[in-house]
Amino acid sequence: MDCKERILSNDYADIITDFVLPERFNYQIPVDNCIHEVMGDLRILYIKKDAIPRISVSDASYYFIPRCYGLTQLQGMAGRQENNSIALMKAGILATQGQPLNLTGKNVTIGFIDTGIQYENEVFRDAAGRSRIIAIWDQTIQTGAPPEGFFYGTEYTNEMIQRAIDSAHPREIVPSTDEIGHGTAAASVAAGSRVGGNGQFIGAAPECNIVMVKLKEIKQYLREYYLIPEEPPCYSETDVMQAVQYLQKYAMSLSSPLVICMGVGTNLGDHTGSSPLARYMTALSYQKSRAFVIGGGNEGNARRHFRGTISDRLSQQDVEIRVGEGEKGFVMDFWGKQPYLFSASVRSPGGEMIQRINPRIEGPQTYTFVFERTRLTVDYILVEPSSNAEMIRFRFEDPTAGIWTIRIQGEGSINQGEFDLWLPITQFLTDETYFLEPDPFITLTDPAYARRVVSATSYNDENDSLYVNAGRGFSRDEQIKPDIAAPGVNVSTILGPKSGSSMAAAITAGGVAQILQWAVVEQNDILVDSESIRSYLIRGATRNESMEYPNREYGYGLLNIEGVFRFLAGTS
């Protein structure tokens, strides 16, 4: 079986590692096994599942198991204006598109990692009718040639896309499309050409190059492990990571400044930017002429985060979870701050009790209940290597509806020990499953906590209020995130109004392309990198005099690209 088949086969597990696997894992990896090199020691291994006794964070590593990422865009309300000029005007983008700066993203590339693109749409063509999409890597189509250095999917070039547009039957030449519309909407906002009378619609960077990676869905064994329903789209960290790698390689081949805009996120992880994907993005962010723009997700009002504190006066705390009717299952992760040692006990809605589970027992512990059909697996890692925190994974299969209580107990002599729990993101659970006493903060989704990237949350440009569902900061280790707030409520796209952090990220990515045109293409700051871009945005942001900055809701303020250049000119 070749690499392509192993990558696509549900009989092979995806493993992320940044070191040589020690013999104790006993995977017996054959010499000819499929290994994809990402960067340095960061690799993705495709190993026959029969060689792995079970999926367990304590048996292997939390780091090894790919996380599942969901979409961060929601349907907007009907009746919004027919064009998107208000959002772009509020973000200071329209002003910089015109005289004297004329910043339209020319000779800059925006790479999208999303659900694909409806390439036939006129919003992705230039004034001469030629496609501005220079490449599509569709990971879901296996009939054509993959990109160089990758084993799966099909790459479509600008020449192929143009030939398809010019033909009577475009899909016979380039069969890739965007069935969901998430990627198309984001690309139109960030990079759409002027269409309609009097410029009825225009994107933030209407002359930039566009590259789209259409993600394939996660393997079934991982969907089953994470207990994610079949309906919502779910994407593997391994595929997202390779999408980033592809965009990076493509931009290098063009010698073009690159903005990577990502419209997916997850609640899995310690919320400090320590995931493999976040670390990879942080490493790439040091490269010149690069910028990452990540949406912060829509989990601020979802009631899926709990924060607790153990102290010498309060040695235990109860965490109550309401589980709705019909919930098939979910994975919930606990992260405990050093130096406390935490342990847990569990009480079911019917009153059955699992007494304190010893955190020093090796391997996952599975429990069944006498009067409940629920199957609960608890898996401890005393020191999770990528974060150095204590981690507990709770995996509920067929949970009984009602109130579940997790009692967290602490051991240690330090006066205060904080801990956090996160349920899955909104689309992976029913609306009736949530914490009874949630904390709306530390609710950005991974990889928005990656260092040196631009993390964008969303606000309503009609009244400057934070979007009700917007993810909020800071990180679990008090890193300042989000960086910026951008319009993200009922934003007009070529497919109608949309809301959510993917809209905020798209608008921000278009604005960043404008800055990269000024900095790199026009040679005003040729050494700019992702951290430099982040600093430009912070300095140009609009701030309310009645608020303190940075803050957990808006970061350093509202996106204002015109403000960046006023700062540079000394006229702000």
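Per chain, residue numbering runs from 1 following the sequence as it is written. Residues qualify for local features only when their pLDDT is at least 70, as the model is predicted, and side-chain atom pairs are given and counted only at 80 or more; totals for whole chains, interfaces and linings, by contrast, use all residues. Excluding hydrogens and water, the side-chain figures rest on all heavy atoms present in the structure.

1. Let's talk about helix α10 (residues 501–521)
Under the 1.5 Å per step criterion, the end-to-end length of α10 is 28 Å for 21 residues, consistent within 8% with the ideal 30 Å. Helical segments are the DSSP runs of H or I of at least four residues, strand segments are the runs of E of at least two, and each set is numbered from the N terminus. Looking one or two residues beyond α10, the residue adopting positive phi is Q523, at roughly 60°. The span one expects for a helix is its residue count, reduced by one, times 1.5 Å.

2. Structural notes on the packing of helix α6 (residues 182–191) against α10
Lines fitted to C-alpha atoms define the axes, with helix axes restricted to the stretch in contact, and inter-axis angles between N-to-C directions lie between 0 and 180 degrees. Closest axis-to-axis distance for the α6/α10 pair is 7 Å, and the angle between their directions is 35°. For the pair α6 and α10, the crossing hand works out as right-handed. Contact with α6, carried on its side by H182, A185, A186, V189 and A190, involves S502, M503, A506, I507 and G510 of α10 and no other residues of that element. Crossing handedness follows the turn of the near helix against the far one: under a right angle anticlockwise gives a left-handed crossing, and clockwise gives a right-handed one. Every residue pair with non-hydrogen atoms within 4.5 Å of one another is taken to be in contact.

3. So, the state of the cysteines
Two cysteines form a disulfide when their sulfur atoms are joined by a covalent bond. The rule for a disulfide is simple: a pair of cysteine sulfur atoms within 2.5 Å. Scanning the entire structure with this criterion turns up 2 disulfides. One disulfide bridge connects C3 with C34, the sulfur atoms lying 2.2 Å from each other. Between C3 and C34 the disulfide shows an S-S torsion of about 115°. By sign, it is right-handed. Taken together, the residues span a long stretch of sequence, with C3 in helix α1 (residues 3–8) and C34 in strand β2 (residues 34–39) at a distance of 31 residues. When accessible area is computed with a 1.4 Å probe and restricted to protein chains, residues below 20% of their type maximum are described as buried, those above 50% as exposed, and intermediate ones as partly exposed. A relative accessible area of 16% means that C3 is categorised as buried. Here C34 falls in the buried class, since its relative accessible area comes to 0%. Between C68 and C234 runs a disulfide, and the two sulfur atoms are separated by 1.7 Å. Placement of C68 in strand β4 (residues 68–71) and of C234 in the loop between α7 (220–225) and β10 (235–236) is noted, with a sequence separation of 166 residues between them. An identical accessibility class is assigned to C68 and C234; each is buried. Described in terms of the sequence order of its bonded cysteines, the disulfide pattern of the protein is 1-2, 3-4. Between C208, a free cysteine, and C261, which holds the nearest cysteine sulfur, the sulfur-to-sulfur gap is 11 Å. Residue C261 is classed as buried on the basis of its relative accessible area, which comes to 3%.

4. Describing the environment of V491
Within the element layout of this structure, V491 appears in strand β28 (residues 491–493). Look at V491 and you get buried, because its relative accessible area is 1%. Between the C-alpha atom of V491 and that of L88, which follows or precedes it by 403 residues, the distance is 9.5 Å. The residues contacting V491, other than those within four sequence positions of it, are V189, G496, P497, K498, M503 and I507.

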